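Understanding the architecture of this molecule
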Amino acid sequence: MTERTQTTMESHPDVLEMRERFVLAERATATQRGQAIEAMAIVAGLYMAASPWIAGFNGSTTLAVNNLIAGIAYALLMSGFGHAYERTHARAWAAALIGVWMIVAPWVVAGNVDTTRTIISNIVAGAVGLLLALMAGAAASKTDRRTDQAAGGRR
């Protein structure tokens with residue numbers, strides 16, 4: 001029979017670096033900036049989802065369904081960001097892609113949906129979503145750089 005030894009987290013060779021990274025990530029989310037980004041991103045996602053009915057282009061069913069799905073996905077990706085930053089900051093980059101998709105969707109989605117209402121609504125919502133996602137991703141990069149400096153430049 002083989003003998004198994006159980007190790008604890010305290011015996012992990014990189015435990016100090018992991019703890020420091022966790023502390024830096026928690027500090028980033030405890031700031032008012034991090035919390036504001038999350039709140040505004042959730043509102044932006046909800047607007048993306050409801051924009052066909054708010055801006056009045058719910059008759060364009062293909063774009064309406066597209067915006068509903070993209071808005072819900074964006075809000076879900078960006079929600080919980082402040083509470084579990086260390087584990088969820090990579091979602092910000094996926095949310096940025098949704099922001100870009102919202103900008104180009106009126107011209108790409110099937111059907112004749114590129115009207116003034118749809119274009120303005122999608123460009124504004126997509127640009128706001130993209131900006132918020134990039135801000136969230138940039139906060140992650142700052143945390144990563146601080147961790148690298150604290151670890152002596154090694155990873």
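Right above here is the structure, for reference.
Reference entry: report on the structure contained in this document. Quantities reported herein were computed from a predicted structural model and do not represent experimental measurements.

Along the backbone of the protein chain there are 6 helices and 0 strands. From first element to last, N terminus to C terminus, the protein chain shows the α and β order α-α-α-α-α-α. Long-range pairs, those at least 24 residues apart, make up 66% of the contacts in the protein chain with a sequence separation of at least 6. Accessible area for the protein chain stands at about 9,200 Å²; split by element, carbon and sulfur atoms hold 63% of it.

Moving on, we get to the environment of I72. Structurally, I72 can be placed in helix 3 (residues 61–78). The spatial distance from the C-alpha of I72 to the C-alpha of I42 is 9.2 Å, given a sequence separation of 30 residues. Among residues more than four places away in sequence, those in contact with I72 are G45 and A49.

Any two packed helices are characterised by the angle at which their axes cross and by the distance between the axes. Contact geometry of helix 2 (residues 32–55) with helix 3 gives a least axis separation of 6 Å together with a crossing angle of 165°. In terms of orientation, helix 2 lies roughly antiparallel with respect to helix 3. Taken as a pair, helix 2 and helix 3 cross one another with a handedness that is left-handed. Where helix 2 abuts helix 3, its residues E38, A41, I42, A44, G45, L46, M48, A49, S51 and P52 lie against A64, N67, L68, G71, I72, Y74, A75 and M78. When its residues are assigned to classes, the contact of helix 2 with helix 3 shows 13 nonpolar, 4 polar and 1 charged.

We now examine the packing of helix 3 against helix 5 (residues 91–108). Here helix 3 crosses helix 5 at 160°, and the two axes come no closer than 9 Å. Compared by their axis directions, helix 3 and helix 5 come out roughly antiparallel. Taken as a pair, helix 3 and helix 5 cross one another with a handedness that is left-handed. Facing L63, N66, N67, A70, A73, Y74, L76, L77 and M78 of helix 3, the residues of helix 5 in contact are R91, A92, A94, A95, I98, W101, M102, A105 and P106. Split by residue class, the contact of helix 3 with helix 5 holds 15 nonpolar, 2 polar and 1 charged.

Here we come to a nonpolar patch on the surface. On the surface, W53, V65, L68, I69, I72 and L76 cluster together to form a nonpolar patch covering roughly 590 Å² of accessible area. Considering each element in turn, the nonpolar patch owes the most residues, 5 residues, to helix 3. Along the polypeptide, V65 turns up in helix 3.

Turning our attention to the environment of G56. The residue G56 is located in the loop between helix 2 and helix 3 in this model. Residue class for G56 comes out partly exposed when judged on its relative accessible area of 35%. The spatial distance from the C-alpha of G56 to the C-alpha of S121 is 9.9 Å, given a sequence separation of 65 residues. Leaving out residues up to four positions away in the same chain, G56 has contacts with S51 and R117.

Conventions used here
Residues numbered from 1 in each chain as written. Predicted model: local features only at pLDDT ≥ 70, side-chain atom pairs only at ≥ 80, totals over all residues. Heavy atoms only, no water. Helix = DSSP H or I, 4+ residues; strand = E, 2+ residues; numbered from the N terminus. Contact = heavy atoms within 4.5 Å. Areas by Shrake-Rupley, 256 points an atom, 1.4 Å probe, with all protein chains shown as cover. Axes fitted to C-alpha atoms, helices over the stretch in contact; angles between N-to-C directions. Parallel < 35°, antiparallel > 145°, perpendicular 65-115°, else oblique. Left-handed = near helix turned anticlockwise from the far one by under 90°. Nonpolar A, V, L, I, M, F, W, Y, C, P; charged D, E, K, R; others polar. Patch = residues over 30% accessible without salt bridge, like charges linked within 9 Å, V, L, I, M, F, W, Y side chains within 5 Å. Salt bridge = Lys/Arg side-chain N within 4 Å of Asp/Glu carboxyl O. Buried < 20%, exposed > 50% of the residue type's maximum accessible area, 1.4 Å probe, protein only.

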